[in-house]
Amino acid sequence: MRWRPRKKRLLFVTGATGFLGAHVVAASEEADWELLAPASRTLDVRERARVLDEITSWTPNAIVHLAYRRDDRRAIVDGSRNIAEAAAAAGARLIHVSSDMVFAGRDAPYTEADTPDAQMNYGKWKAEAEAAVLAACPGAAVVRPSLLYGTDRLAPCQRDVDDVLAGRARMSFFTDEYRNATHAADVAEALVALADRPEVHGPLHVAAPTAISRADLATAFARRLGSPGAVVPTSTLAESGLDRPGRVVLSVARAESLGLTCRDVHTAL
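Report on the accompanying structure. (Residues numbered from 1 in each chain as written. Predicted model: local features only at pLDDT ≥ 70, side-chain atom pairs only at ≥ 80, totals over all residues. Heavy atoms only, no water.)

### Remarks on the nonpolar core
Membership of the largest hydrophobic core comes to 29 residues, with the highest contact counts inside it found for Leu-20, Val-24, Val-64, Leu-66, Leu-191 and Val-206. Elements with a contribution of two residues or more to this core: β1 (10-14), α1 (19-30), β3 (62-65), β4 (93-97) and α6 (184-194). Sorting elements by how many residues they give to this core places α6 first, with 7 residues. When residues no more than four places from it in sequence are discounted, the contact partners of Leu-66 are Val-13, Thr-14, Gly-15, Leu-20, Gly-21, Val-24, Val-97 and Leu-191. Counting residues in hydrophobic clusters, the runner-up holds 21 residues, among them Trp-58, Ala-92, Leu-94 and Cys-137. (Core = buried A, V, L, I, M, F, W, Y, C linked by side-chain atoms within 4.5 Å. Buried < 20%, exposed > 50% of the residue type's maximum accessible area, 1.4 Å probe, protein only. Helix = DSSP H or I, 4+ residues; strand = E, 2+ residues; numbered from the N terminus. Contact = heavy atoms within 4.5 Å.)

Structure below.
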């Protein structure tokens, strides 16, 4: 057992060096948590024994699990299961971050009661991870955000727009691909707030209340990047030949009823 004088509650965060992780670090400081955020080279979530030892030794009050590798099923599924087992063993509150990509896409918004039906591996693995987490730690909150962006830091979807505007890349942004694009700071604030809300468990959609197309989102990013008159190249998923969900829109009514709200794009930017 590691000993240290504890003046504050301890929040254990995996994946803190990532885009959302950086926002969670900032939000935890605002909420007066003591933060423990081991780097992936220090704590590989795929190593069950190491994860159990680390978390049960530190006995954090809460855990926010963000770490994943998009093309690595072991990191997504087994890593999440390991974190959940360790959280249960340590008696820690667990907030597991999943994805809207557990859904295949449809016209109607998805609620938390809908069964995941992903067709792509990433979404299937994220759905498997959700099930594994809730089996190991039934009191966990499983948060599904949507496409993330930032202002102080640029997300990959924003860097794509910047690269196109600067002539460093050629790509089109789809008019028929819709998501609840959400500021990462809003999601981070909700994740940290949930660390103090043990009564909230199971799937929870935390995202902006309105959907926006990738094309309209790229135009909003162009304005934010200082190119208000820029015309971003557009296309459709059908024209691209890509096989990925078109309209994945989340209902956020449950989160809003809990006081967990996110801004829409035009307000946040």
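On we go.
### Notes on the sheet that holds strand β2 (residues 34-36)
Taking strand neighbours across the sheet as the criterion, the 6 strands line up as β2-β1-β3-β4-β5-β10 in an open arrangement whose pairing is parallel. The two strands at the open ends of the sheet, each matched to only one other strand, are β2 and β10 (202-205). Looking at each pair of strands side by side, their axes are set apart by 20° on average, direction ignored. Across 3 bridges, β1 lies against β2 in parallel orientation. From the neighbouring strand, Leu-11 faces β2, where its bridge partner is Leu-35. Together, β4, β5 (141-144) and β10 form the strand contacts of helix α4 (residues 121-136), whose direction differs from that of β4 by roughly 170°. (Pairing = 2+ DSSP bridges. Axes fitted to C-alpha atoms, helices over the stretch in contact; angles between N-to-C directions.)

### Examining empty space enclosed by the protein
Applying the stated criterion across every chain yields a total of 1 cavity of 30 Å³ or more. Roughly 30 Å³ of volume is contained in the largest cavity. Every element with two or more residues in the lining of the largest cavity is listed here: α3 (73-90), β4 and α4. Residue contributions to the lining of the largest cavity peak at 3 residues, all from α3. Class assignment of the residues belonging to the lining of the largest cavity gives a composition of 7 nonpolar, 3 polar and 1 charged. (1 Å grid on protein atoms, 1.4 Å probe; cavity = no way out; pocket = protein on both sides within 12 Å on 5 of 7 lines; lining within 4 Å. Points joined across faces, edges and corners; volume = space filled by probe spheres on them. Nonpolar A, V, L, I, M, F, W, Y, C, P; charged D, E, K, R; others polar.)

### Describing the pattern of salt bridges
As enumerated under the stated definition, the model contains 16 salt bridges in all. Linking Asp-78 and Arg-81 is a salt bridge whose minimum nitrogen-to-oxygen distance equals 3.0 Å. Placement of the pair is Asp-78 and Arg-81 together in helix α3, with a separation of 3 residues, close to one helical turn. (Salt bridge = Lys/Arg side-chain N within 4 Å of Asp/Glu carboxyl O.)

### Examining the packing of helix α2 (residues 48-58) against α3
Relative orientation of the contacting elements α2 and α3 amounts to 35°, with a least axis distance of 9 Å. Viewed along their axes, α2 and α3 form a crossing whose handedness is right-handed. Of the residues in α3, those in contact with Arg-48, Val-51, Leu-52, Ile-55 and Thr-56 of α2 are Asn-82, Ile-83, Glu-85, Ala-86, Ala-87, Ala-89 and Ala-90. Considered class by class, the residues forming the contact of α2 with α3 number 8 nonpolar, 2 polar and 2 charged. (Left-handed = near helix turned anticlockwise from the far one by under 90°.)

### Some remarks on α6
Burial analysis of α6 places 8 of its 11 residues in the buried class, which makes it a mostly covered element. Those residues of α6 that fall on the buried side of the exposure criterion are Ala-184, Asp-186, Val-187, Ala-188, Ala-190, Leu-191, Val-192 and Leu-194.

### Describing the packing of helix α5 (residues 156-165) against helix α7 (residues 214-224)
Put simply, α5 and α7 touch, their axes get as near as 10 Å, and they point 70° apart. As the angle between them shows, α5 and α7 are arranged roughly perpendicular. Handedness of the α5/α7 crossing: right-handed. Counting all contacts with α5, which are made through Cys-157, Gln-158, Val-161 and Leu-165, the residues of α7 involved are Arg-214, Ala-218, Phe-221 and Ala-222. Across the contact of α5 with α7, the residue classes break down as 6 nonpolar, 1 polar and 1 charged. (Parallel < 35°, antiparallel > 145°, perpendicular 65-115°, else oblique.)

That's the geometry; what it means functionally is another story.
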